[in-house]
Each structure stands twice: as C-alpha cells, then as structure tokens.
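# Inside the fold
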Amino acid sequence: MSMDLSFAATWAPIVISVVSLIVTVFSSHRSYRLDKSDKEQNAELRRIQKQLSELQLQKAREDAAAKSSSKVEARHVLVGLKKHHIRISNVGGTVVTDVTTACDGGPYFYNQDKEPFERLEPGESFDQTVFFADGSPSKFTVTTRWRDADGEEHSRDNIITW
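Quick look at the structure, then.

What counts and how
Residues numbered from 1 in each chain as written. Predicted model: local features only at pLDDT ≥ 70, side-chain atom pairs only at ≥ 80, totals over all residues. Heavy atoms only, no water. Pairing = 2+ DSSP bridges. Helix = DSSP H or I, 4+ residues; strand = E, 2+ residues; numbered from the N terminus. Axes fitted to C-alpha atoms, helices over the stretch in contact; angles between N-to-C directions. Patch = residues over 30% accessible without salt bridge, like charges linked within 9 Å, V, L, I, M, F, W, Y side chains within 5 Å. Areas by Shrake-Rupley, 256 points an atom, 1.4 Å probe, with all protein chains shown as cover. Salt bridge = Lys/Arg side-chain N within 4 Å of Asp/Glu carboxyl O. Buried < 20%, exposed > 50% of the residue type's maximum accessible area, 1.4 Å probe, protein only. Core = buried A, V, L, I, M, F, W, Y, C linked by side-chain atoms within 4.5 Å. Contact = heavy atoms within 4.5 Å. Phe/Tyr/Trp six-rings, centres within 6.5 Å; stacked < 30°, edge-to-face > 60°.

Now for the sheet that holds strand E5 (residues 117-120). If you trace the four strands from one edge of the open sheet to the other, you get E5-E3-E7-E8, paired in antiparallel fashion. The sheet is open, and its two edges are formed by E5 and strand E8 (153-161), each paired on a single side. Strand-to-strand twist in this sheet, taken as the mean axis angle between neighbours without regard to direction, amounts to 35 degrees.

Here we come to a nonpolar patch on the surface. Together, Phe7, Trp11, Ile14, Val15, Val18, Val19, Ile22 and Val23 make up an exposed nonpolar region whose accessible area comes to about 750 Å². Relative to the elements of secondary structure, Val15 occurs in helix H1 (residues 2-68).

Right, let's get into the pattern of salt bridges. Throughout the structure, instances matching the rule amount to nine salt bridges. As a salt-bridge pair, Arg87 and Asp127 come within 2.7 Å of each other at their nearest N and O atoms. Residue Arg87 is found in strand E2 (residues 83-90), and its partner Asp127 is found in strand E6 (residues 125-132); the two are separated by 40 residues along the sequence. Given a relative accessible area of 22%, Arg87 falls into the partly exposed group.

All right, on to the nonpolar core then. Proteins that are soluble and globular tend to have nonpolar side chains buried together. Ile86, Ile88, Val99 and Phe140 are the most contacted members of the largest nonpolar core, which totals 16 residues. Looking at this core, the elements with two or more residues in it are strand E1 (72-79), E2, strand E3 (96-103), strand E4 (108-110), E6 and strand E7 (139-147). In contact with Val99, not counting residues within four places along its chain, are Val72, Ile88, Glu115, Pro116, Phe117, Leu120, Phe126, Arg145 and Trp146.

This paragraph deals with the packing of aromatic side chains. The tally for this structure, following the rule as stated, stands at one aromatic pair. Seen in terms of ring centroids, Phe117 and Phe126 are 4.3 Å apart; in terms of plane orientation they differ by 5 degrees. Their pairing is stacked. Residue Phe117 is classed as partly exposed on the basis of its relative accessible area, which comes to 22%.

Shown next as structure tokens:
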C-alpha cells in the first residue's frame, strides 16, 4: 500500500499538470476562436452600420430634393355614378403658379373653366369636369404645365384611365 501511495504521490501531480495543460490549451484555443469570431462580427456590424448611414443620408437628400421640387399631376376621379372629373394636384414640395392642362383630342369634352389656376400650394388640388361620349377611349393623355417658385416652366404628361 505504501507503494500505491508513493506511486499516486509521484504521478498525481504530473497527471494533474498534464490535465491542467490540456484544459489551458483548449481554453486558449476556444478563447482565440471566440475573439476572432467577435472581431469578424464587429467588422460586419460596422459595415452594416456604415451602409445604413449612407442609406439614411441618401433618403434625407431625396426628401430634401422632393420638398424643393415641383410636380403637378392629373388623375381621373369618378363622382357618383356618371360624373367624371380630372383632378389636378400639386404633389411637389413647392408652390406652383399658372397651372394649365391640355388634353389630347378625342370624343369627349374637357371643361377648362378654372385655368390658368394662379397658385397651387403643395398638397392642394382642383377639379376640371370631363364628359365622355359613346366610343370614348378609356385611356388618354392630359399634359399639365406650371411654373415653379423660380419661374421656370415645367410640364408632365399624365396617362388617364377611367
């Protein structure tokens, strides 16, 4: 038994040291892999954050451009069962003046009694009455013309369907 004790006393520290060394190597290797993975994830996160910042900046620029641009649209509005209107709307971000419309020829009557519309604020609109005859095409073009805040003339072709 004394031999077993001396054997255990001799080899126990060596076995414990070897096991400790193995655990230390495993822990160090695992820590290195986790640190490497963490650095890769942080790099990916920084790349995504940079991309998000660029997209937010681009959106802010587009919003600022939309607020400073002018745009007038025309669309069909059905009132009741048989009354038709063309709604002329300022969908831009600035005040427009001298708004007029022109309609391509066809078997319909387009009443332009409110033109030229002197001033149209952003989000405002006005309606023009249109009467369709039998055989009128269900698709036609209305051209809107206007002046922006700088006095520059603009136009837009709007395809109307009813």
